[in-house]
Amino acid sequence: MGSVTLPGGATVAALGQGTWQMGERRDLRTAEIAALRAGVEAGMTLIDTAEMYGEGAAETLIGEALGDRRDDLFIVSKAYPQNAGRERLPKACEASLRRLGTDRIDLYLLHWRGSVPFAETIDAMHALRDAGKIRYWGVSNLDRDDMAELVAAGGEDCAADQILYNLGRRGPEFDLLPWLDARQMAGMAYSPVEQGRLVGNAALQEIADALSATPAQVALAWLLRRKNLIAIPKAGTAAHVRENAGAADLHLDDDVLAALDRAFPAPSKPSRLEML
Ligand code: NAP
């Protein structure tokens with residue numbers, strides 16, 4: 001499993017596991033727990049969640065599924081923008097810690113930009129870090145101009161920006177990802193298989209067939225070849241998780257990359273960061 005080193009020095013798995021829409025259905029619970037555990041066994045030890053997901057249900061599922069593996073994990077959670085101020089962030093963090101059944105969140109993100117000034121969120125994140133409640137802090141859904149503002153407000157030690165980025169949404173390659181790379185901030189690609197839609201893409205299927213791989217594996221391997229990028233696919237079954245883990249061993253040569261560029265063209269001009 002490849003890894004990414006965050007600005008603060010932690011080395012984390014480049015291929016992690018998302019949890020949006022997990023933990024919300026009793027009939028899927030056993031399969032979801034098995035999926036998360038299979039992922040950790042395969043080295044996908046970075047687990048992404050948020051207080052928003054099922055209003056805490058995903059965090060509770062992670063605590064239940066992986067409590068005994070806590071020390072092997074790198075847990076990422078996110079706070080709602082309205083909770084990102086000095087009064088509310090400590091409370092939101094405590095609630096996430098309680099649901100996760102842990103004493104620290106490894107990386108705590110502002111989920112998207114709201115009305116709380118960046119400087120106040122940064123101070124609140126630093127206070128949580130100083131108190132040992134979180135190890136690193138970062139953001140999500142911030143475009144390059146927002147990132148520049150964040151840094152100007154005192155956020156030079158932001159560890160990561162989690163963004164919508166996949167083969168079909170290559171906009172961030174034009175300016176945001178190079179901006180993050182230049183500062184050694186990690187990019188985190190969410191919806192890396194476009195919420196399952198890329199798996200049904202005919203051009204991707206053809207490329208995958210020629211490699212004796214699957215479309216999901218090619219989509220993930222394409223992301224993983226970037227040095228500073230973490231991908232966090234969500235999979236609700238152990239079979240999908242194991243398939244996705246196979247992306248870590250899939251090498252895409254120049255011919256394959258060129259075929260992918262033809263099917264999914266790189267951006268030729270700046271575009272606004274998209275959000276799901
Ligand atoms: P995704 O990971 O691109 O896609 C998940 C969907 O793809 C699920 O329906 C899953 O089905 C299916 N899938 C996964 N692996 C597959 C495979 N090998 N073959 C066939 N289908 C497969 O989408 P996402 O959940 O939106 O994004 C991933 C994670 O990023 C989220 O879970 C969340 O943690 C994070 N996220 C963050 C933000 C943000 O604003 N920061 C926004 C969106 C997502 P099964 O469940 O049936 O396996």
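Data block above holds the structure.
Okay, so let's go over this structure. (Residues numbered from 1 in each chain as written. Predicted model: local features only at pLDDT ≥ 70, side-chain atom pairs only at ≥ 80, totals over all residues. Heavy atoms only, no water.)

### Concerning empty space enclosed by the protein
- Taken as a whole and assessed by the stated rule, the structure comprises one cavity of 30 Å³ or more.
- The computed volume of the largest cavity comes to approximately 40 Å³.
- The wall of the largest cavity is formed by Ile62, Gly63, Leu66, Gly67, Arg70, Leu73, Ile75, Leu100 and Gly101.
- Ranked by residue count, the leading element in the lining of the largest cavity is helix 2 (residues 57-66), at three residues.
- Here the lining of the largest cavity is built from residues that sort into five nonpolar, three polar and one charged. (1 Å grid on protein atoms, 1.4 Å probe; cavity = no way out; pocket = protein on both sides within 12 Å on 5 of 7 lines; lining within 4 Å. Points joined across faces, edges and corners; volume = space filled by probe spheres on them. Helix = DSSP H or I, 4+ residues; strand = E, 2+ residues; numbered from the N terminus. Nonpolar A, V, L, I, M, F, W, Y, C, P; charged D, E, K, R; others polar.)

### Some details on the environment of Glu156
- By secondary structure assignment, the location of Glu156 is in the loop between helix 5 (144-152) and strand 7 (160-164).
- Look at Glu156 and you get exposed, because its relative accessible area is 54%.
- Along the primary structure Glu156 and Met185 are separated by 29 residues, whereas in three dimensions their C-alpha atoms are 9.3 Å apart.
- Apart from the residues within four sequence positions on either side, Glu156 is in contact with Val151 and Met185. (Buried < 20%, exposed > 50% of the residue type's maximum accessible area, 1.4 Å probe, protein only. Contact = heavy atoms within 4.5 Å.)

### Remarks on the sheet that holds strand 6 (residues 134-140)
- The strand order 3-4-5-6-7-8-9 describes an open sheet built from seven strands, whose pairing is parallel. Either end of the sheet is taken by a strand with one partner, and the two such strands are strand 3 (46-48) and strand 9 (229-231). Looking at each pair of strands side by side, their axes are set apart by 25 degrees on average, direction ignored.
- Inspection of the sheet shows strand 5 (residues 105-110) paired to strand 6 by five bridges, in the parallel sense. Across the sheet, residue Ile105 finds its bridge partner in strand 6, namely Ile134.
- Relative to the sheet, helix 3 (residues 88-100) contacts strand 4 (74-79), strand 5 and strand 6, its axis offset from that of strand 5 by approximately 135 degrees.
- Where helix 4 (residues 118-130) meets the sheet, its contacts fall on strand 5 and strand 6, and the angle it forms with strand 6 comes to roughly 155 degrees. (Pairing = 2+ DSSP bridges. Axes fitted to C-alpha atoms, helices over the stretch in contact; angles between N-to-C directions.)

### Quick notes on the layout of surface pockets
- In this structure, the largest pocket occupies an estimated 650 Å³ of space.
- What lines the largest pocket is a set of 32 residues, among which Ser191, Gln195, Gly196, Pro233 and Lys234 lie closest to the centre.
- Broken down by class, the residue content of the lining of the largest pocket amounts to 14 nonpolar, 13 polar and five charged.

### Examining the site of the ligand
- In the vicinity of the ligand, 29 residues are found, and the nearest of them are Asp48, Ser140, Lys234, His240 and Asn244.
- In the model, a nitrogen atom of the ligand is placed 2.8 Å from a nitrogen or oxygen of the Ser140 side chain.
- For the ligand, whose free accessible area comes to 900 Å², the fraction covered by protein is 88%.
- Judged by the fraction of its atoms near the pocket grid, the ligand is located in the largest pocket.
- Looking at the shell around the ligand, the element that brings in the most residues is helix 9 (residues 238-245), giving three residues. (Near = heavy atom within 4 Å. Polar contact = N/O pair within 3.5 Å; in protein donor to acceptor, adjacent residues only side chain to side chain. Areas by Shrake-Rupley, 256 points an atom, 1.4 Å probe, with all protein chains shown as cover. Sits in = over half its atoms within 2 Å of the grid points.)

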